[in-house]
Amino acid sequence: MLKIAKERLNELYAKIDETMGLFLPIKRAGEVNFAVWGAGKEVSLETLKTVKSPKNAFFPQTENMMKFKTEGKNIEVIDIREKLSEKIEERPFVMFGVKACDYKAIEVLDKVFLADPVDTYYQMRRNAATIVTLACSKPEESCFCKAFGIDATAAYGDVTTWLDNDNLYWQANTEKGEALTALVQELFEEGGAEEVAAQQEATKTIIDKLPFSNLDLSRFQPENLNELFDDKAWEEMSEACLGCGTCTFVCPTCQCFDIRDFKTNEGVVRYRCWDSCMYSDFTLMAHGNSRTTQMQRFRQRFMHKLVYYPSQNDGLYSCVGCGRCVNKCPQHLNIVKVIKTLGGKNND
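Small disclaimer: the values here were computed from a predicted structure and weren't measured. (Residues numbered from 1 in each chain as written. Predicted model: local features only at pLDDT ≥ 70, side-chain atom pairs only at ≥ 80, totals over all residues. Heavy atoms only, no water.)

1. Some thoughts on the overall build of the protein
Here's step 1: Of the regular secondary structure elements, the protein holds 12 helices and 13 strands.
Here's step 2: Taking 348 residues into account, the globule formula puts the C-alpha radius of gyration at 20 Å, and the protein, at 22 Å, falls close to it.
Here's step 3: Projected onto its principal axes, the C-alpha coordinates of the protein cover approximately 65 × 65 × 40 Å.
Here's step 4: Sorting the 348 residues of the protein into buried and exposed places 51% on the buried side.
Here's step 5: In the protein, 71% of the contacts between residues at least 6 apart in sequence involve partners at least 24 apart.
Here's step 6: When the accessible surface of the protein is split by element, carbon and sulfur atoms take 48% of a total near 17,600 Å². (Helix = DSSP H or I, 4+ residues; strand = E, 2+ residues; numbered from the N terminus. Rg over C-alpha atoms; globule rule 2.2 N^0.38 Å. Buried < 20%, exposed > 50% of the residue type's maximum accessible area, 1.4 Å probe, protein only. Contact = heavy atoms within 4.5 Å. Areas by Shrake-Rupley, 256 points an atom, 1.4 Å probe, with all protein chains shown as cover.)

This is the structure in structure tokens:
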């Protein structure tokens, strides 16, 4: 294990930035999100949860897919993937400070976007990225990653780091991690194993006492699909839902998107953007919408995360317990309420 003094972190960032792009939790206008690092920007590794998750680096909120130029009856299709590929290959990037829950969420996204047929836009970014995770030391009451089997004190990634008042501790886990370590090795010194172990023990003690850490998920099994689907509790739970989509936009595992065309002076741009299953026009077709009520849309969101997705992905839930929806839903209609209402007997 290696360590570097906290006051030297800007040297570490600058060293990485010499050869690679660098995304860090950056504070701007009072909010913290992952953004490209630059001298003078305020880094906030101490922030437990960025407003939006790191998925934005791999699956952007909006991205151009192709362009069309027309002259009379002639249509020229411009595939922007070649330019995107060249740009990424020239400058691979580091995602620094990813928490364990958000790293697990990337695994959820991988199973969607890297399954056949592979999403090449997502694939190029994932291949270009080296992920440096940061273990949690001060979890909040809204956190419940433990319920999904995630160890917040030992996030994996290409490199795992831990932060205390004095130092950042560093441990490479993969070939990418070893390559990044070799790049910055001169800034580090050996040590830190005892400090990390002590921090992990203290953090696990806190996690065990959090109100949602031991949620019972035992009822959310494929064999209970019909029973859960028909449960009358969905009506009552969804009554206050505004359909605002806030939960889907802050969620690190949501992957729904729409594809649209936009006419410009230089032709037509086809782009994709995040969408939400909570919207009334989601998957709207000529004949209408297959889910016509907010209750149906509300049920779809949570059935997918807790039943449909895990039944198709070896039990991997499409929720990682980050708690963003717990903090952000204006009506307090989050996945914790669903689990406590429909889950196992131990949720009482």
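2. A short note on helix H4 (residues 120–128)
Here's step 1: Along H4, the residues classified as buried are Tyr 121, Tyr 122, Met 124, Arg 125, Arg 126 and Ala 128.
Here's step 2: For H4, the N-terminal capping position is held by Asp 119, with its side-chain oxygen 3.1 Å away from the main-chain nitrogen of Tyr 121. (Polar contact = N/O pair within 3.5 Å; in protein donor to acceptor, adjacent residues only side chain to side chain.)

3. Thoughts on the pairing of strand E13 (residues 267–274)
Here's step 1: Where strand E5 (residues 62–71) and E13 come together, six bridges link them in antiparallel fashion. The partner of Lys 67 across the bridge, within E13, is Val 269.
Here's step 2: Adjacent in sequence and paired antiparallel, strand E12 (residues 257–264) and E13 are bridged by two residues. (Pairing = 2+ DSSP bridges.)

4. What about the layout of surface pockets?
Here's step 1: Within this model, the second largest pocket holds a volume of roughly 320 Å³.
Here's step 2: Residues of the lining of the second largest pocket, tallied by class, amount to six nonpolar, four polar and five charged. (1 Å grid on protein atoms, 1.4 Å probe; cavity = no way out; pocket = protein on both sides within 12 Å on 5 of 7 lines; lining within 4 Å. Points joined across faces, edges and corners; volume = space filled by probe spheres on them. Nonpolar A, V, L, I, M, F, W, Y, C, P; charged D, E, K, R; others polar.)

5. Some words on unusual backbone geometry
Here's step 1: A cis amide bond links Asp 116 to the next residue, Pro 117, at an omega of 0°.
Here's step 2: Along the chain, the position of Pro 117 falls in the loop between helix H3 (100–113) and H4.
Here's step 3: If you check the backbone angles, His 332 has positive phi at about 60° while not being a glycine.
Here's step 4: Turning to its location among the elements, His 332 is positioned in the loop between helix H11 (324–328) and helix H12 (335–342).
Here's step 5: On the basis of relative accessibility, which here comes to 57%, the residue His 332 falls in the exposed class.

6. Notes on the packing of helix H10 (residues 294–312) against H12
Here's step 1: Look at H10 against H12: their axes get within 11 Å of each other, and the N-to-C directions meet at 80°. The angle between H10 and H12 places the two elements in the roughly perpendicular class. Residue-level contacts link Phe 298, Phe 302, Lys 305 and Leu 306 of H10 to Ile 335, Val 338 and Ile 339 of H12.
Here's step 2: Each residue belonging to the contact of H10 with H12 can be placed in one class, and the counts come to six nonpolar, no polar and one charged. (Axes fitted to C-alpha atoms, helices over the stretch in contact; angles between N-to-C directions. Parallel < 35°, antiparallel > 145°, perpendicular 65-115°, else oblique.)

7. With respect to the sheet that holds E12
Here's step 1: The strand order across the open sheet built from four strands is E6-E5-E13-E12, with neighbouring strands paired in antiparallel fashion. The open sheet terminates on both sides in strands that have one partner only, identified here as strand E6 (74–79) and E12. Neighbouring strand axes in the sheet, compared pairwise and without regard to direction, differ in orientation by 25° on average.
Here's step 2: In this structure, E5 lies alongside E6, joined through six bridges in antiparallel fashion. By the bridge assignment, Thr 70 is partnered in E6 with Ile 75.
Here's step 3: Contacting E5, E6 and E13, H4 runs over the sheet at an angle of about 130° to E5.

8. Some details on the nonpolar core
Here's step 1: Membership of the largest hydrophobic core comes to 48 residues, with the highest contact counts inside it found for Phe 144, Phe 148, Phe 220, Trp 234, Phe 298 and Leu 306.
Here's step 2: Secondary-structure elements contributing two or more residues to this core are H3, helix H8 (233–238), H10, H11 and H12.
Here's step 3: In terms of residues, this core owes the most to one element, H10, which gives seven residues.
Here's step 4: Sequence-distant contacts of Trp 234, defined by excluding residues within four places in its chain, comprise Leu 228, Phe 229, Met 295, Phe 298, Arg 299, Phe 302, Met 303, Val 338 and Leu 342. (Core = buried A, V, L, I, M, F, W, Y, C linked by side-chain atoms within 4.5 Å.)

9. Here we look at the packing of helix H1 (residues 9–17) against helix H5 (residues 175–184)
Here's step 1: Packing of H1 against H5 brings their axes to within 9 Å, and their N-to-C directions diverge by 115°. Judged by the angle between their axes, H1 and H5 are roughly perpendicular. Judged by the twist between their axes, the crossing of H1 over H5 is right-handed. Seen from H1, the contacting residues are Leu 12, Lys 15 and Ile 16; seen from H5, they are Leu 180, Leu 183 and Val 184.
Here's step 2: Of the residues belonging to the contact of H1 with H5, the class tally is five nonpolar, no polar and one charged. (Left-handed = near helix turned anticlockwise from the far one by under 90°.)

10. Things to note about empty space enclosed by the protein
Here's step 1: In total, this model carries five cavities of 30 Å³ or more according to the counting rule given.
Here's step 2: The space that makes up the largest cavity amounts to roughly 120 Å³.
Here's step 3: Along the wall of the largest cavity there are 17 residues; nearest its centre are Cys 101, Cys 136, Cys 143, Cys 145 and Ala 152.

11. Topic: the pattern of salt bridges
Here's step 1: Taken as a whole and assessed by the stated rule, the structure comprises 17 salt bridges.
Here's step 2: The salt bridge partner of Glu 140 is Lys 49, with a shortest N-O separation of 3.8 Å. Of the two residues, Glu 140 is situated in the loop between strand E8 (129–134) and strand E9 (159–163) and Lys 49 in the loop between strand E4 (42–43) and E5; the sequence distance between them amounts to 91 residues.
Here's step 3: Counted as one network, the salt bridges with shared partners bring together Glu 63, Asp 119, Arg 125 and Arg 272. (Salt bridge = Lys/Arg side-chain N within 4 Å of Asp/Glu carboxyl O.)

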